[in-house]
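The lines below spell out each chain.
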Amino acid sequence: MRALMHGTHLRPSATGAAQRLLRRASLGAALLLAALVLTACGVTPQTILHPTTEAARASHWLFLVVFWAGLAVFVVVEGALLYAIFRYRRRRGDALPAQTHGNLKLEIGWTIAPTVLVVLLAALTVPVIFANAQQPEDDAIRVEAIGHQWWFEFRYPDLGVVTANELHLPVGRPAAIIIKSEDVLHSFWVPALRGKLDMVPGRTSVFRIFPEQTGTFPGQCAEFCGTAHALMRFTVVVEEPEEFDAWAAHQLTERVPPTSELAQAGEALLTPAGCALCHTIRGVTEIGTIGPDLTHVGSRAHIAANTMGMTRADLEHWLRDPTGMKPGNLMILPRELTDDEIDALTEYLMGLK
Amino acid sequence: MTVDAHAHEEHPTSTGLDSRKVAMWAFLGSETMFFGSLILVMLINKHNTLGVMLGHGDHTFEAGQGMLDLVLTSFTTFVLLTSSLAMVLALAAFRNRSINWGRFWLMVVVAFGAIFLGGQVYEFTAFVREGLTPSTNLFGASFYMLVGFHGAHVAIGILWLLAVVYYSYRGRYQGADTWGVEMVGLYWHFVDLVWVAIFTLIYLI
Amino acid sequence: MATTTVSVRPNTYAGTAWSWITTVDHKRIAVLYFVTSLAFFALGGAEALLIRLQLSRPELDLVHPDRFAELFTMHGTTMVFLALMPLSAAFFNLLVPLMIGARDVAFPRLNALSYWVYLFGGIFLNISFIAGGAPAMGWFGYAPLTATEFADTHAVDFWAFGLQILGVSSILASINFIVTIINMRAPGMTFNRMPMFVWMTLITGFLIIFAFPVITIGLVLLLFDRYLGTSFFLYQGGGDPVLWQHLFWVFGHPEVYILILPAMGIVSDVLPTFSRKPLFGYAVVAYSGAAIALVGFGVWTHHMFTVGLGPVADTAFAISTMAVAVPTGVKIFNWIATLWGGSISLRTPMLFAIGFIAMFILGGLTGVSLGSPPVDTQVQDTYYVVAHLHYVLFGGTIFGLFAGIYFWFPKMTGRMLNEGWGKVHFWLMMIGFNLAFGPQHQLGIDGMPRRIHTYGADMGWDAWNLMSTVGAWLIGLSMLIFAINAIRSLRSGRDSGPDPWDGGTLEWSMSSPPPVYNFAEVPVVDDRYPVWKEKHGGGHTGAAVAEPPAAETAHDDDEPHIHMPNPSYWPVLVAAGMVITACGLIFHQVFLLIGALIFGISLIGWIEEPPG
């Protein structure tokens, strides 16, 4: 057993040092882990664990089924592995173990076991696939969701409303989300409402969302789409039908004319500062179609594809350095704005309720 | 310690097959996937109605196919298939040690291959004159890609055949070892076979 | 005994740099593959560490988003094509001829060509960093981000040409190993007696020659779109970006098995050695590998469940995907059964092999969850998938490959890796790995998308991300320990002798490192574990046999006269010509001409050179 003895003979010094290091390192790692787990329990608004629609609940339910079944398999198999390692650990003077080459019955058995599990899982999965593929009803409210680098445009073809990054839906009524892209791949994903669907240029996909609860649900682009992919978020606001109707009616109106002098100065800047080239503000300018429609931008809760708040400070930051706030941003100012101009534009935009 | 030399050439292989031949089969297996992918891309594009709608001018897939010169290509197809027969005769001649006949049939294969390629060059230039380029639409892209990829294979085959002819003058393939002819033969038959598939799918259907 | 083994260590690796450049010896080529792939592994790892640094806290600004995209694109590309695949190829090179009783591979010069094409291709791909920017669209290169409209530098061209070059290397190497395994087995080495690693190499070879052509065609179409104005993937011209996804994943999914099967083969040979028991259910393990490979060609759209291909396609591919779980599960059960009733010695290679099983189970289970489309549409493109793929490719492949490194390092170098530091490496890597990728499951469930360069503090993702970063750096530390251990052991490691682990397969019958000709006499094989049988008499007695069975040790100054293939400089020149041509397509036509000339002349030189 020469080879074996060679193997067990180690250099004492190196091994001793190594093992001490190992013990210390594992203790440190355990402490760090404990500390981090304690701090990791926060609020996660974009979780998939709080579904609010039937479709999302179905996904969630299947996830739990797979999770618990997987956990059971995991415990059993890892348990068997660990048991084998400890039980059959080599001891001094061990004879050669029995040289078994296999066992047909056992092997058939553990071929059948995963097969049964997988068939069960498939049987549970398939109905959900078809249920979630249900197409929206004829009376569903239709919304075109269009992906842009790097923001979401929402158009309601039946209502004539056009908005950005904030999708409003009435509760208790099915919605047909018509998914498109203007440039590259994006993905429409609001975990609380349902799984994601890719926005593919040249293709139109439709899926159904049936909101059951009012509230504001965050979403985010989930397909890499270039530089500012991380900064492409949106929200879905589900509200009572009356609120929704009021919102839609208001969105259809022209912009609220500025009242203060400062805001009026802001409106006067739209063309000289270059805003009008890309943005439409109905009632003032309707040439720009590249950027989001700003007619009622002040009524939205966020700016910059929902990565900044609709606040004076954030707006000022944004206008001062849009490319710095959102790298890769296609919003390129023809020139740097002066402090006064930024003041005026901020005042004006915040007033566009 | 005497060991019979050459681990590679003369040593009998586990299967009894020449290693180079096994390699060739593996390579042709890989080639099947190359052409398979290209043919599938073409079929997908053919059924991509969006592509037809967005095509420029009249060059939809059907219109593009209408431009194909079926008579000319049927003729060159016939020539290419006949060349496979000449290839068989060439190998048989080398195996019978009739080197001169072998060379003759190899040159026939070269000539037929060249006729086929000539037909393809003519077809390509005619299309370009009629305004169909790879960038015109999906039909142009798929057509030039698939037929051109095959044409490149024919061209490589011709170069290879010429090399075999050259080496036959350098004294190779004189004995029982005709592997060089066999290899190029395998390749040539494969390229012919692929053309049958392409011809059927692009020109006939 | 130790002193005699020292005296017979053959000078397999002696010689000048030139002898390395022109070598056609599979063992030297294996060394070249090991060194190169580990260097690229370090590079890809460094990229990962930067990625993790940027994500350690919310709203950090350490790395510009465009650089960040370059980092994750090159991290994926490097790890898949330049680190893991070539590291597997290093094992193919080192082991296949030794294990099947051959003196070399079927085509030694072609083997050298594969290596040089790989090396130059890898360098070519990374030149992009200093030549105007690296590719930044993800390793999967989804259209239309690869279109000229969105990527107007040469980054995508570097990527596309680079992958083509690497594809050539992989296909040539695979053909070589397929032929070697089919045709060069020693007498008696039937398919039914081949070591499991050789089986998995064979299956991987077939996967590569059938999967790579598909990506090659995809890349050709992409290059046509970029250079010739076609619209295969551009909707403006009638093309379809989804076509790229199909082509990519028809290749990409088998690619996953290309990455995992060699590691499975390694583990299947390490476990029996350290359990002193043959592999349980040999035939089933081999066939399940083939089954995984076969089914692997029919599951690709599970990467595309969110494209909206319709419920029928989703159902079909969900079922085929879940079917993969069966042969995979069978393999795991057989490995555990191999341990069962054995005499287990937890040496470092064994630790890594057990680590492979333990971690791969988790990757497999999350894979099943992703195979269910309703679940997938929620967690697709989130960190849940990042966690899953790393549990498969790191917890699986990398643990398996390290098992192989610790196991065969003595065979390759004649020296043992230090065992104590090996264990430190293992435990640190195990802890770091789980700390890095375990929390990412939770991040995905909490809704964190992949490939984002930053995230808001309001998302509740910061603690898990910090944990992940700490874990990643622990992995980095463990790799540093490995590197130091490897270098020190190379210089002053304990002499291994021919058979340090009491192994069973043919490679343990010869000196370490093996002599240039591998086998003085071609062995005749009559068992799956011929060396074991010789030592332990078919495995039915516990009697130890001290002498290694092969004859080499007795003949150290009586070199047998075996004709081995001559070195050749044509492979390196052909490879150079190929890559210079690719440079010509990107930089200046002059390179095109030079490259084509070098390529053509060296090809003729190659053909003219008398073989062997």
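These numbers were taken from a predicted model, which means no experiment stands behind them. (Residues numbered from 1 in each chain as written. Chains lettered and ligands numbered in written order. Predicted model: local features only at pLDDT ≥ 70, side-chain atom pairs only at ≥ 80, totals over all residues. Heavy atoms only, no water.)

**A look at the overall build of chain A**
Selection rule: Per the convention used, a helix needs a DSSP run of H or I reaching at least four residues, while a strand needs a run of E reaching at least two, with both numbered from the N terminus. Each residue's exposure class comes from its accessible area (1.4 Å probe, protein chains only) as a fraction of the maximum for that residue type: buried when under 20%, exposed when over 50%, partly exposed otherwise. Working rule for contacts: check all heavy atoms of both residues, and any pair within 4.5 Å makes them a contact. The protein chains shown are the only cover counted for residues, whose accessible areas, like all others here, come from Shrake-Rupley with a 1.4 Å probe.
When you go through chain A residue by residue, the secondary structure sums to 9 helices and 12 strands. The proportion of buried residues among the 353 residues of chain A is 50%. Residue pairs in contact within chain A that sit at least 24 positions apart in sequence constitute 64% of those at least 6 positions apart. Surface accessibility of chain A: about 16,600 Å² in total, with carbon and sulfur atoms responsible for 63%.

**Considering the overall build of chain C**
Formally: Radius of gyration here uses only the C-alpha atoms, and the compact-globule reference equals 2.2 Å multiplied by the residue count raised to the power 0.38.
Across its full length, chain C holds 18 helices and 0 strands. Whereas a compact globule of 612 residues would reach a radius of gyration of roughly 25 Å, chain C reaches 24 Å, a difference of no more than 12%. Along the first, second and third principal axes, the C-alpha atoms of chain C reach 70 × 60 × 45 Å. Looking at chain C residue by residue over its 612 residues, the buried ones come to 72%. Long-range pairs, those at least 24 residues apart, make up 82% of the contacts in chain C with a sequence separation of at least 6. As displayed, chain C has an accessible area near 17,200 Å², and 70% of this comes from carbon and sulfur atoms.

**Describing the state of the cysteines**
Note the cut-off: Two cysteine sulfur atoms form a disulfide, by the criterion used here, when they sit within 2.5 Å.
On inspection of all chains with the given rule, the structure shows 0 disulfides over all chains. Residue C278 of chain A stays outside any disulfide, its sulfur separated by 9.0 Å from that of C275 of chain A, the closest cysteine.

**What about the environment of M107 of chain B?**
Residues and elements named next belong to chain B. Relative to the helices and strands, M107 is located in helix α5 (residues 99–129). Spatially, the C-alpha atom of M107 lies 9.9 Å from that of S83, the residues being 24 residues apart in sequence. Beyond its immediate sequence surroundings of up to four residues, M107 is in contact with L162 and V165.

**Examining the confidence of the model for chain C**
All names here are of chain C. This is how the line gets drawn: On a scale of 0 to 100, pLDDT captures the predictor's confidence in every residue.
Mean pLDDT over chain C: 92, with 94% of residues reaching 70 or higher. Counting contacts from residues 1–7, a segment whose pLDDT is below 50, to residues more than four positions away or on other chains yields 8 contacts. Quick note on the complex model: pTM equals 0.92, ipTM equals 0.90.

**Overview of the pairing of strand β10 (residues 233–239) of chain A**
Residues and elements named next belong to chain A. For clarity, the threshold we go by: Note on pairing: DSSP must find at least two bridges between two strands before they are called paired.
Summarising burial for β10: 7 of the 7 residues are buried, a large majority. By the alternation rule, side chains of β10 split into R233, T235, V237 and E239 and F234, V236 and V238, which are all buried. With 5 bridges connecting them, strand β4 (residues 166–170) and β10 associate as parallel partners. Each residue of the ladder has a partner; that of P170, found in β10, is E239. Bridge count for strand β9 (residues 215–220) against β10 is 6 bridges, and the pairing is antiparallel.

**Considering a negative patch on the surface**
To keep things clear, this is the line we draw: Here, patches come from residues exposed beyond 30% relative accessible area and free of salt bridges, joined within 9 Å for like charges and within 5 Å for nonpolar side chains (Val, Leu, Ile, Met, Phe, Trp, Tyr). Salt bridges are defined by distance alone: a side-chain nitrogen of Lys or Arg within 4 Å of a carboxyl oxygen of Asp or Glu. Counted charges follow a simple rule, with Lys and Arg positive, Asp and Glu negative, and His plus the chain ends left uncounted. Note that the charge is assigned to NZ on lysines, CZ on arginines, CG on aspartates and CD on glutamates.
A surface patch of negative charge is lined by E240, E242, E243 and D245 of chain A. Along the chain, the position of E240 of chain A falls in the loop between β10 and α5 (241–252).

**Remarks on the interface of chain C and chain B**
Often, the extent of an interface is quoted as the loss of accessible area on bringing the components together. Put simply, the rule is: Computed with a 1.4 Å rolling probe, the buried area is the accessible surface lost when two parts are put together, summed over both parts. Pairs of N or O atoms within 3.5 Å make up the polar contacts considered here, provided that, within protein, one atom can donate a hydrogen while the other can accept it, and that residues adjacent in sequence are counted only when both atoms are side-chain atoms.
At the interface, 45 residues of chain C touch 42 residues of chain B. Roughly 3,700 Å² is buried in total at the junction of chain C and chain B, and carbon and sulfur atoms are behind 70% of that figure. On the chain C side of the contact with chain B, N183, I217 and F232 of chain C bury the most area, a combined 16% of that side's loss. One can count 1 salt bridge joining chain C with chain B. Between chain C and chain B we count 10 residue pairs in polar contact (both at pLDDT 80 or more) in total. Only α6 (155–183), α7 (196–227), α8 (241–275) and α18 (589–608) of chain C provide two or more residues apiece to the side of chain C that touches chain B.

**Here we look at helix α9 (residues 339–350) of chain A**
Residues and elements named next belong to chain A. Selection rule: What a helix is expected to span follows from its residue count: subtract one and scale by 1.5 Å.
Look at α9: 16 Å from first C-alpha to last across 12 residues, which is about the 16 Å you get at 1.5 Å a residue. Residues E341, I342, A344, L345, T346, Y348 and L349 constitute the buried set of α9. Taken together, the buried residues of α9 touch α6 (261–269) and α7 (312–320).

**Concerning a nonpolar patch on the surface**
Together, L104, I108, I112, V116, L117 and L120 of chain A make up a nonpolar patch on the protein surface, roughly 580 Å² of accessible area in all. Positionally, I112 of chain A belongs in helix α4 (residues 104–132).

**Describing the environment of A83 of chain C**
Residues and elements named next belong to chain C. With respect to the helices and strands, A83 occurs in helix α4 (residues 65–100). Linking A83 and L43, residues 40 residues apart in sequence, is a C-alpha distance of 9.1 Å. Excluding residues within four positions of it along the chain, A83 makes contact with S37, F40, F41 and T78.

**Notes on the pattern of salt bridges**
Residue and element names in this part refer to chain A. A complete count under the given rule lists 26 salt bridges over all chains for this structure. Residues E137 and R208 are paired through a salt bridge, measuring 3.0 Å at the closest nitrogen-oxygen approach. One end of the pair, E137, is in the loop between α4 and β1 (141–148); the other, R208, is in strand β8 (residues 205–209), with 71 residues separating them in the sequence. R208 gets classed as buried once you look at its relative accessible area, which sits at 18%. Its salt-bridge partner being R155, residue E153 comes within 2.4 Å of it at the nearest N-O pair.

**Remarks on the nonpolar core**
Put simply, the rule is: Throughout, nonpolar core names a set of buried Ala, Val, Leu, Ile, Met, Phe, Trp, Tyr and Cys residues whose side chains join them through atoms within 4.5 Å.
Membership of the largest hydrophobic core comes to 314 residues, with the highest contact counts inside it found for I177 and F188 of chain A together with W244, F356, F399 and F402 of chain C. Looking at which element gives the most residues to this core, the answer is α4 of chain C, with 23 residues.

**Quick look at the interface of chain C and chain A**
Each partner contributes residues to the interface: chain C has 123 residues there, and chain A has 103 residues. Here chain C packs against chain A, burying approximately 9,500 Å² in sum over the two surfaces, 69% of which is carbon and sulfur. In this structure, the connection of chain C to chain A is made through 2 salt bridges. With a closest N to O distance of 2.7 Å, R203 of chain A and D240 of chain C form a salt bridge. If you look at where chain C meets chain A, you find 22 residue pairs in polar contact (both at pLDDT 80 or more).

**Quick notes on the environment of A353 of chain C**
Residues and elements named next belong to chain C. Mapped onto the secondary structure, A353 falls in helix α11 (residues 348–370). For A353, a relative accessible area of 0% translates into the label buried. When the C-alpha atoms of A353 and I165 are compared, they prove to be 32 Å apart, with 188 residues separating the residues in sequence.

**Quick word on the sheet that holds β10 of chain A**
Residues and elements named next belong to chain A. This is how it is decided: Orientation is described by axes fitted as lines to C-alpha atoms, over the contacting stretch for helices, and by angles from 0 to 180 degrees between their N-to-C directions.
With mixed pairing, the 3 strands of this open sheet are ordered in space as β4-β10-β9. On the outer flanks of this sheet lie β4 and β9, each paired with one strand and no other. Averaged over neighbouring strand pairs, the angle between their axes works out to 25° when direction is ignored. Here α5 sits on the sheet and contacts β4 and β10; the angle it forms with β4, its principal contact strand, is near 135°.

**Let's talk about the packing of aromatic side chains**
Inclusion rule: When two rings of Phe, Tyr or Trp (its six-membered ring) have centres within 6.5 Å they constitute a pair, described as stacked for plane angles under 30 degrees, edge-to-face for angles over 60, and tilted for the intermediate range. Our definition puts a charge over a ring when NZ of Lys or CZ of Arg is within 6 Å of the ring centre and also within 35 degrees of the ring normal.
Tallying each qualifying case throughout the model produces 90 aromatic pairs over all chains. When the ring of F152 of chain A is compared with that of F234 of chain A, the centres are 4.3 Å apart and the planes differ by 45°; the resulting orientation is tilted. Here F152 of chain A is found in strand β2 (residues 151–156), whereas its partner F234 of chain A is found in strand β10, with 82 residues between them in sequence. Accessibility assignment for this pair places F152 of chain A and F234 of chain A in one class, buried. Sitting over the face of the ring of F191 of chain C, R185 of chain C holds its NZ or CZ atom 4.0 Å from the ring centroid. Just above the ring of Y282 of chain C sits the side chain of R528 of chain C; from NZ or CZ to the centre is 3.7 Å.

**What to know about the sheet that holds strand β3 (residues 161–164) of chain A**
Residue and element names in this part refer to chain A. Spatial ordering of the open sheet is given by β3-β2-β1-β5-β8, a layout of 5 strands whose pairing is mixed. The open sheet is flanked by β3 and β8, the only strands paired with a single partner. The mean inter-strand angle of the sheet, taken between neighbouring strand axes irrespective of direction, is 25°. Relative to β2, β1 runs antiparallel, the two being bridged by 5 bridges. Opposite H148, over in β2, you have W151 as the bridge partner. Helix-sheet contacts for α5 involve β1, β2 and β3, and the interaxial angle to β3 is about 95°.

**Considerations on helix α14 (residues 419–445) of chain C**
Since there are 3.6 residues in each turn of an α-helix, residues three or four apart along the chain are aligned in direction. Residue and element names in this part refer to chain C. The first and last C-alpha atoms of α14 sit 39 Å apart over 27 residues, in line with the 39 Å expected at 1.5 Å per residue. Judged by how many residues are buried, α14 sits mostly within the fold: 20 of 27 residues are covered. Two or three places before G420, at the opening of α14, N418 has a side-chain oxygen 2.9 Å from that residue's backbone nitrogen. Positive backbone phi, approximately 90°, marks G447, located one or two places after α14.

**Section: the confidence of the model for chain A**
Mean pLDDT over chain A works out to 89, with 89% of the residues at or above the 70 mark. Note that pLDDT drops below 50 for residues 1–13 of chain A; the model gives that stretch 18 contacts with residues more than four away or on any other chain.

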